[in-house]
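# Structure assessment
Below are the chains, spelled out letter by letter.
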Amino acid sequence: MADIIKPKSKIVNKPLKALTIEEQEYMAKYLMSLSLKKCRYKNVFLIQMFTGMRIGEVLALKITDIDLAHNIINVEHTISVDAEEKTIMKDTPKSFNGMREIPLTIYLKPYIIEQMNIAKINNHKENLLFVNRNGGYVDHRIANRILKKILINEFNIKDISTHSLRHTFGTRCAECDIKEVAIQRIMGHSSINATLDNYVDVSEKLKESELEKVYSYFKENMNIDYEDIVF
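What counts and how
- Residues numbered from 1 in each chain as written.
- Predicted model: local features only at pLDDT ≥ 70, side-chain atom pairs only at ≥ 80, totals over all residues.
- Heavy atoms only, no water.
- Buried < 20%, exposed > 50% of the residue type's maximum accessible area, 1.4 Å probe, protein only.
- Helix = DSSP H or I, 4+ residues; strand = E, 2+ residues; numbered from the N terminus.
- Arc of directions from axis to C-beta.
- Expected span 1.5 Å × (residues − 1).
- Contact = heavy atoms within 4.5 Å.
- Core = buried A, V, L, I, M, F, W, Y, C linked by side-chain atoms within 4.5 Å.
- Pairing = 2+ DSSP bridges.

### Let's talk about helix α7 (residues 180-187)
For α7, the set of buried residues is Ile183, Gln184 and Met187. All buried residues of α7 fall inside an arc of 100 degrees around its axis, so they share one side.

Below you can see the structure in the form of structure tokens.
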């Protein structure tokens with residue numbers, strides 16, 4: 001195998017897009033105004049936006065994964081697709097670090113309770129919070145298509161997927177200056193580099209405010225007469 005040259009991929013990786021804070025507000029308010037009859041998976045999208053969970057992790061949630069007394073969501077499983085394109089349940093998330101506890105925020109609690117009540121009525125054999133119209137596992141691709149349709153029709157927002165909602169939460173964490181290790185644990189990544197490289201954007205507003213600190217430092221510590229600078 002020593003003489004074999006690994007071919008380079010010609011696929012261009014598109015940067016993952018996140019919703020701005022304004023777009024997230026519009027989207028959240030819109031989803032919160034909908035009934036489950038109007039949008040069957042609205043709570044899936046809300047959970048992603050306010051926890052950073054992967055779409056498969058959300059779709060695999062069970063009633064027993066929700067600890068309302070301590071406001072915790074336990075992430076222990078994931079819904080995926082096998083080699084034959086069949087939707088299946090995996091006993092573990094994407095990686096070992098994917099198994100985690102996520103705080104249940106006040107924004108989400110009413111909608112988690114709403115979904116738990118629906119799940120009790122559905123009485124799924126695995127106590128799943130989300131099932132398709134036939135009572136089976138939800139195909140994440142269908143949820144993704146529904147989200148894209150909502151964003152385009154209601155807000156004229158393109159190039160956003162269910163994974164972008166996870167990316168949106170990571171971006172908000174970065175904008176709030178949450179420590180990288182905390183973001184890593186919440187997002188369920190194996191390393192901080194994976195979190196920073198793949199999921200966290202920094203808004204232009206944050207860049208400007210942080211650069212102002214550097215410029216102020218320059219001004220205080222460098223012997224340059226800024227008033228005489230000509231542009």
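### Re helix α5 (residues 140-155)
Between its first and last C-alpha atoms α5 spans 22 Å; for 16 residues at 1.5 Å apiece the expected length is 22 Å, and the two agree. For α5, the full list of buried residues reads Ala143, Asn144, Leu147, Ile150 and Leu151. On an axial view of α5, the arc spanned by its buried residues comes to 125 degrees, and they lie on one face. Residues of α5 that are exposed and point over 90 degrees away from its buried face: Arg145, Lys149 and Asn153. On its buried side, α5 packs onto α1 (21-33), α2 (42-51), α3 (55-59) and α6 (162-175).

### Section: the nonpolar core
Core analysis: the largest hydrophobic core is formed by 44 residues, its most contacted members being Phe45 and Met49. For this core, the secondary structure elements donating two or more residues are α1, α2, α3, β2 (72-75), α4 (109-122) and α5. With 6 residues, the single largest contributor to this core is α2.

### Section: the sheet that holds strand β5 (residues 100-103)
What holds strands together in a sheet is hydrogen bonding between their backbones, with the strands either parallel or antiparallel. Here we have 3 strands laid out as an open sheet, ordered β1-β2-β5, and antiparallel in their pairing. Edge positions in the sheet fall to β1 (66-67) and β5, since each has one partner strand and no second. Pairing analysis gives 4 bridges linking β2 to β5, with the strands arranged antiparallel. Counted as the bridge partner of Val75 is Arg100 from β5.

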